[in-house]
Amino acid sequence: MAQHQVKFGNGLPVALTTVDKIVNWGRSNSLWALTYGLACCGIEMMASGASRYDFDRFGTIFRASPRQAEVMVIAGTLTKKHAEFIRRLYDQMAEPKWVISMGSCANTGGMFNTYSIVQGADRVIPVDLYLPGCAPRPETLQYAVMMLQKKIRREPANRNRNIPQKRFI
Amino acid sequence: MSMREYKPKDNVQARAYYTDRFYVAPQLSKLSPNSDEIYNLDVIKLKENFEILDAYIQKDELVIYINSFDNLKILKFLRDDLTYGFLMEMSAVDFLAKRDGFEIFYEMLSQVKRKRIRVKTFLKKGLTIETVENLFRSANFAEREMFDMFGIQVNNHSFLKRIMMPDDWHGNPLLKTYPLQGDESAQWYEVDKIFGKDAREIIGPEIRDSARVDRYDTERFSRLGHEVSKGTDIYKSEPSNTAVQFQEKGGVFLIKNLNKPQKILTEKERRDR
Amino acid sequence: MQQANRLRPFFENLAFDRQDNQMVINFGPQHPSSHGQLRLILHLDGEQVIKANPDIGYLHRGMEKMAENMIYNEFLPTTDRMDYIASSSNNYGFALAVEKLLGIEDKVPRRAKIIRTMLLELNRIVSHEFWLATHALDVGAMSVFLYAFREREWALDLIEDYCGARLTHSAIRIGGVPLDLPEGWTGNLANYLDKVEKAIKNDYEALLDENRIWKMRLENVGIIDKEMARSWATSGIMLRGSGYHWDLRKEMPYEIYSELDFDIPVTDKCDSYGRYKLYMEEMRQSIRILRQLIPLYYSSDSQLMANVPQYISAPKEQIMTQNYSLMQHFVLVTQGMRPPVGEVYVATESPKGELGFYINSQGDPYPYRLKIRTPSFFHTGILQDLLPGYQLADVVTIIGSTNIVFGEVDR
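Residues numbered from 1 in each chain as written. Chains lettered and ligands numbered in written order. Predicted model: local features only at pLDDT ≥ 70, side-chain atom pairs only at ≥ 80, totals over all residues. Heavy atoms only, no water.

Caption draft 1: Region of the structure containing the sheet that holds strand S1 (residues 52-58) of chain B. Residues and elements named next belong to chain B. If you walk across this open sheet you meet the five strands as S1-S2-S5-S4-S3, and the pairing is mixed. Whereas interior strands pair on both sides, the edge strands pair on one side only; in this sheet they are S1 and strand S3 (86-94). Adjacent strand axes in the sheet meet at a mean angle of 20 degrees when their direction is disregarded. Where strand S2 (residues 61-66) and strand S5 (residues 115-124) come together, five bridges link them in parallel fashion. Looking at S5, one finds that Tyr-65 is bridged to Lys-120. Set on the sheet, helix H2 (residues 71-80) makes contact with S1, S2, strand S4 (101-110) and S5; between it and S4 the angle comes to about 15 degrees. (Pairing = 2+ DSSP bridges. Helix = DSSP H or I, 4+ residues; strand = E, 2+ residues; numbered from the N terminus. Axes fitted to C-alpha atoms, helices over the stretch in contact; angles between N-to-C directions. Contact = heavy atoms within 4.5 Å.)

So this is what it looks like as structure tokens:
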């Protein structure tokens, strides 16, 4: 944020910035994630929150309630039986919200090309970031969150999702 | 004129694409039950009380065939008199195509004798089987799963409902006639449920080809360095370079454009940073 | 704003027209302590559970169907995703079942057997540590979670050194293991065993054993009596926690367990605290087994895969140099092995309990039917008999102490 420091005169140091930047700075550095461990990737998500990888460094704290979460990490296989619930949880999250699809299963169905798997979570909810791997390592998830931070910093703060979209989701 | 390839309808599972005409699959050897002392006694006792259609030892495990209407009595006898107290597993095997029925197996364990026994029975299509839930609670879940996966009705079960699949699911997935990737209702299941049937056209069919890549798809993929807004149609012309834009360029109150013109770094410059 | 969807709020968790004091609560499928995707419909009277109805299938991935459409070697990586806390034990269960079917279980080389046993026991430690971490987190002990994950990461490092993967190992193949241990691995293993042994004593047990909250929440909660344990076909620690002296490693030994010296901890306390003690003791026994395996490893030959050209590809070197081996390999990869007609049921003691694979083969390269008997499936079922009578707060403890993993329950 502080890339626009201009004055170091006699008074206090003043930093000028735009509203967009400061809002996005705040948003991107306190991404609270929804604990949404669906399968194997959920274990890696837990590991990235635990001792070695320590997700709190990024301001990412796992919340159990969708109302308090800003980023949904779909960590694992999304089945057709569960699809309804992921949509409900997504609808319950407050704007602004982002979705990381973690692992091949959530991206495309992955190795489970079967009758009971949703072939990509983006058939049900919009996804911001796709994270490859089966299962992705915790470092990969952290990298994904950093990419998401970059993405957030780049978009306008009052991002309007009212744009009519071609797709339903 | 070309002929359509013949595909059997009664078994749509994957098949070996090449089989030697003269290949005869070897059989796992079936030993007589009297080759094992403990099993021999068990079979003798069972034969005294019930009709046992077949009994043999395959891979160190006794297999007995029974009539499907005897299952409750025989399992009770096995549990109470022959110490086979654990029903570890039960399920069915689909033989509808070959023999018009299912084979149901009960995998039992005796901790006293350290032996396993597999009780098998053949169930004609359309017939039902009696629940063994009252003898073994583990059958509660196992029979529900069998009902869900094969559609086999179980009599007197306390809660015979689908267990793995949702209640409004069509078809029984483990039947040989059910394709691996699901029938039509399965393929649209989540779309129908969440958005309604009208959305089928908009969302489109499932992409089952795992190797499919569409570089013009801006719905699913962001293009690093060449971002366009989601859903932009770039099928005709692909932007080669996307300028980075900031809001203040248009002029924000009190703030002049503080950004120096952004320079696109070469690969070497990027490395040096 | 999103386009409207058809989902309407549902009130199945609230019954307005009830006259009595009962309340119906929906627990899951997204719940931090549901260990995955368990959904429970709980009928409550005040805070007491009257009726519990586990609803599973939210992670049903159709593995049994997949197996019918895959050659045997192709299916092996899928088994990783079943009990994803301890993948190697699933690989092993499947590999052993196929080996039994092929009749080559005696031809697996000794070094492969030793490495397999090492991996199995290392996985047991990983699994138990993960269980402890999540269970303690559910009950409210955050620091145990951090400590247990620390040691778990070290064990994952070892596994990663061996096979390159952290979670989904596929490190055990049909007929042996693909790789030898890397250099210095056993030394690292010995160091790790020392560390984890200390951690069990100084961290986990010191924090929990006499912890008042831990004891109050676990003691006399989730009592599984002998009859219930038998009737529900429980296995593993759920069974031994109810006083049955039964561990497949001892009673029906496979691999080289018959040569090893270890004890099976059993308790007749039947409650969650007793099971917690068993988990701790089992980790100690695994450490003991691993220590015995290190010298055994050095006294074994270097062969890693069974030499059965009909079913198992020859070593890479031979494939690259000998024409016939290359042809055999080509056929095995493209068409798959064709086992004899018959059926086997092979059970192994996975960290969760008895993991059994029933394979019905009709002589094709694809199994005609593969049924996976997973311990967690029945341990989920037992919840409907176990939960009634306990308080709502105990539900989380009981789910935690059953150690269910949903990849395994729903398959």
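Caption draft 2: Region of interest: the environment of Ala-121 of chain A. Residue and element names in this part refer to chain A. Residue placement: Ala-121 occurs in the loop between helix H4 (103-108) and strand S7 (129-131). Judged by its relative accessible area of 1%, Ala-121 falls in the buried class. Spatially, the C-alpha atoms of Ala-121 and Asn-107 are 6.1 Å apart, while their sequence positions differ by 14 residues. Contact partners of Ala-121, with chain neighbours within four places excluded, come to Ile-74, Leu-78, Ala-106, Asn-107 and Val-127. (Buried < 20%, exposed > 50% of the residue type's maximum accessible area, 1.4 Å probe, protein only.)

Caption draft 3: Structural context of the packing of aromatic side chains. Throughout the structure, instances matching the rule amount to 25 aromatic pairs over all chains. Centroid distance Phe-105 of chain B to Tyr-358 of chain C: 4.0 Å. Interplanar angle 20 degrees. Geometry classified as stacked. Taken together, the residues span two chains, with Phe-105 of chain B in strand S4 and Tyr-358 of chain C in strand S5 (residues 353-361). Accessibility assignment for this pair places Phe-105 of chain B and Tyr-358 of chain C in one class, buried. Linked through ring pairs, Phe-141 of chain B together with Trp-232, Phe-377 and Phe-378 of chain C together constitute an aromatic cluster. A cation sits over an aromatic face here: Lys-115 of chain B above Tyr-39 of chain B, 4.8 Å from the ring centre. (Phe/Tyr/Trp six-rings, centres within 6.5 Å; stacked < 30°, edge-to-face > 60°. Lys NZ or Arg CZ within 6 Å of the ring centre and 35° of its normal.)

Caption draft 4: Looking closely at the sheet that holds strand S4 (residues 342-350) of chain C. Residues and elements named next belong to chain C. Strand order in the open sheet formed by three strands is S4-S5-S6, with antiparallel pairing between adjacent strands. For this open sheet the edge positions go to S4 and strand S6 (369-373), each flanked by a neighbour on one side alone. Between one strand axis and the next, the sheet turns by 10 degrees as a mean value, whatever way the strands run. Pairing analysis gives nine bridges linking S4 to S5, with the strands arranged antiparallel. Bridge assignment links Thr-348 to a residue of S5, and that residue is Leu-355.

Caption draft 5: Broad picture of unusual backbone geometry. Residue Ala-135 of chain A is bonded to the preceding Cys-134 of chain A through a cis peptide linkage, with omega at -10 degrees. Looking at where Ala-135 of chain A falls in the secondary structure, it is placed in the loop between S7 and helix H5 (138-154). For Asn-220 of chain C, which is not glycine, the phi dihedral falls at a positive 60 degrees. Structurally, Asn-220 of chain C can be placed in the loop between helix H7 (212-218) and helix H8 (226-231). Given the relative accessible area of 56%, Asn-220 of chain C is considered exposed. Even without being a glycine, Arg-411 of chain C presents a positive backbone phi close to 55 degrees. Looking at the element boundaries, Arg-411 of chain C is found in the segment after helix H17 (406-410).

Caption draft 6: Fine view of a nonpolar patch on the surface. Residue and element names in this part refer to chain A. There is a patch of nonpolar side chains on the surface, built from Val-19, Ile-22 and Trp-25 and spanning about 300 Å² of accessible area. The topology assignment puts Val-19 in helix H1 (residues 19-29). Since its relative accessible area comes to 61%, Val-19 is described here as exposed. (Patch = residues over 30% accessible without salt bridge, like charges linked within 9 Å, V, L, I, M, F, W, Y side chains within 5 Å. Areas by Shrake-Rupley, 256 points an atom, 1.4 Å probe, with all protein chains shown as cover. Salt bridge = Lys/Arg side-chain N within 4 Å of Asp/Glu carboxyl O.)

Caption draft 7: Quick look at the nonpolar core. Core analysis: the largest hydrophobic core is formed by 219 residues, its most contacted members being Tyr-106 and Met-108 of chain B together with Phe-94, Met-118 and Ile-174 of chain C. By residue number, the principal contributor to this core is helix H4 (residues 110-139) of chain C, which donates 15 residues. Beyond its immediate stretch of four places on either side in the chain, Met-108 of chain B contacts Leu-75, Leu-78, Tyr-84, Phe-86, Leu-87, Met-88, Lys-115, Arg-116, Ile-117, Val-119 and Phe-136 of chain B. Judged by nonpolar contacts, the second largest core, of 26 residues, contains Leu-34 and Met-72 of chain A, Ile-203 of chain B together with Leu-7 of chain C. (Core = buried A, V, L, I, M, F, W, Y, C linked by side-chain atoms within 4.5 Å.)

Caption draft 8: Summary view of the environment of Lys-277 of chain C. In this fold, Lys-277 of chain C is placed in helix H11 (residues 272-298). C-alpha separation for the pair Lys-277 of chain C and Glu-219 of chain C, spaced 58 residues apart in sequence, amounts to 11 Å.

Caption draft 9: Summary view of the interface of chain B and chain A. Counting from both sides, the interface comprises 39 residues of chain B and, opposite them, 28 residues of chain A. Of the roughly 3100 Å² buried at the junction of chain B and chain A (both faces included), carbon and sulfur atoms supply 57%. On inspection of chain B and its partner chain A, the count reaches four salt bridges. A salt bridge links Glu-190 of chain B to Arg-123 of chain A, with the shortest nitrogen-to-oxygen separation between them at 3.1 Å. Taken together, the links from chain B to chain A amount to 12 residue pairs in polar contact (both at pLDDT 80 or more). Of all elements in the fold, only helix H5 (184-187), helix H6 (189-194) and helix H7 (199-203) of chain B reach the threshold of two or more residues within the side of chain B that touches chain A. Broken down by element, the residue count for the side of chain B that touches chain A peaks at five residues, all from H6 of chain B. Residue composition of the side of chain B that touches chain A, grouped by class: 24 nonpolar, six polar and nine charged. (Buried area = accessible area lost by both parts, 1.4 Å probe. Polar contact = N/O pair within 3.5 Å; in protein donor to acceptor, adjacent residues only side chain to side chain. Nonpolar A, V, L, I, M, F, W, Y, C, P; charged D, E, K, R; others polar.)

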